[in-house]
Amino acid sequence: FVLQTTDAAVTWHQISSGSGAEIRALDRFANGDLIAVGESGQVLTSVGGAAPWSIRATLGAGNLVAVQVAGPLAVVAVDGGGVVYSSADAGATWTAALSVPADLTAADLHFDTLLDGWVVGQGFNGAALFHTVDGGTTWTPVPDFQGTYVAVDFAGASGWAVATYATLYRTRDDGATWTESQLPGGSPTLQDMDFWNASIGYAVGFNGYAVRSGDGG
């Protein structure tokens, strides 16, 4: 199911997806339509963000772990094995990338277009963060990124990747160089991170952990 608020998070109510499958990630098109992905490769959409949901596709046999809208009709999803799927028609049809990031268990992605994007996850044999400029035909590993990462995000040339153990990496030059810092609050276990713009971002984790940055991390 999906939780929805219409009063700036004062109250919430549940919307059933109707699929019976666990939803792992969700994003919103500019026109208000929603797209969600989850276990067993299911892709669901909702017109205007309200029930009923429609099952639009099943992408492979693996669980889809992340989805991102990259344009008015462009959307990209990734499964746990690192297979990236792209759609140019709001999820009606999909194309699988020709290759996957090496030795990666994927957790999140960020794509600015259907061709240019990043995938992050768990990797101990080379890298945990990869970049593609050709829609996943080839992947470039980012040096010094190994371990378990849960999220990656970009806003223009600024980007962030965060590890489950709350180590944050930041770039201000489109990923050419990265700097490391630690999120506050002891030793939290992170689940997700998202930046609204180059300055304002949020990270959340277990046991109600939540932090906000107003200076780009």
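Cut-offs and rules
Residues numbered from 1 in each chain as written. Predicted model: local features only at pLDDT ≥ 70, side-chain atom pairs only at ≥ 80, totals over all residues. Heavy atoms only, no water. Pairing = 2+ DSSP bridges. Helix = DSSP H or I, 4+ residues; strand = E, 2+ residues; numbered from the N terminus. Axes fitted to C-alpha atoms, helices over the stretch in contact; angles between N-to-C directions. Core = buried A, V, L, I, M, F, W, Y, C linked by side-chain atoms within 4.5 Å. Buried < 20%, exposed > 50% of the residue type's maximum accessible area, 1.4 Å probe, protein only.

(A) Quick look at the sheet that holds strand β4 (residues 34–38). Strands sit in the order β3-β4-β5-β6 across an open sheet of 4 strands; the sheet is antiparallel. Edge positions in the sheet fall to β3 (23–28) and β6 (54–58), since each has one partner strand and no second. The mean angle between the axes of side-by-side strands here comes to 25 degrees, regardless of whether they run parallel or antiparallel.

(B) Spotlight on the nonpolar core. Within the largest apolar cluster, 15 residues are counted, with the highest numbers of intra-cluster contacts made by I35, V37, V43, L59, V67, V75 and W94. Going through the elements one at a time, β4, β7 (64–69) and β8 (75–79) are the ones with two or more residues in this core. Of the residues forming this core, the biggest block, 3 residues, is contributed by β7. V65, A66, A97 and A127 belong to the second-largest nonpolar core, a separate cluster that totals 14 residues.

(C) Molecular detail of the sheet that holds strand β19 (residues 190–195). Read across the open sheet, the 3 strands follow the order β19-β20-β21; overall the sheet is antiparallel. Edge positions in the sheet fall to β19 and β21 (210–213), since each of these pairs with one other strand and no more. Each strand axis lies, on average, 15 degrees off the axis of its neighbour in the sheet, ignoring direction. Relative to strand β20 (residues 201–205), β19 runs antiparallel, the two sharing 5 bridges. Paired with L190 across the bridge in β20 is G205.

(D) Focus on the pairing of strand β16 (residues 158–163). Most of β16 is tucked away: 6 of the 6 residues are buried. Burial along β16 is two-sided: S158, W160 and V162 and G159, A161 and A163, pointing in opposite directions, are all buried. Both strand β15 (residues 147–155) and β16 contribute to a ladder of 6 bridges, which runs antiparallel. Bridge pairing links Y149 to A163 in β16.

(E) Structural context of unusual backbone geometry. For S40, which is not glycine, the phi torsion reads 60 degrees and is therefore positive. Positionally, S40 belongs in the loop between β4 and β5 (42–46).

Treat this as a map of the structure, not an account of what it does.
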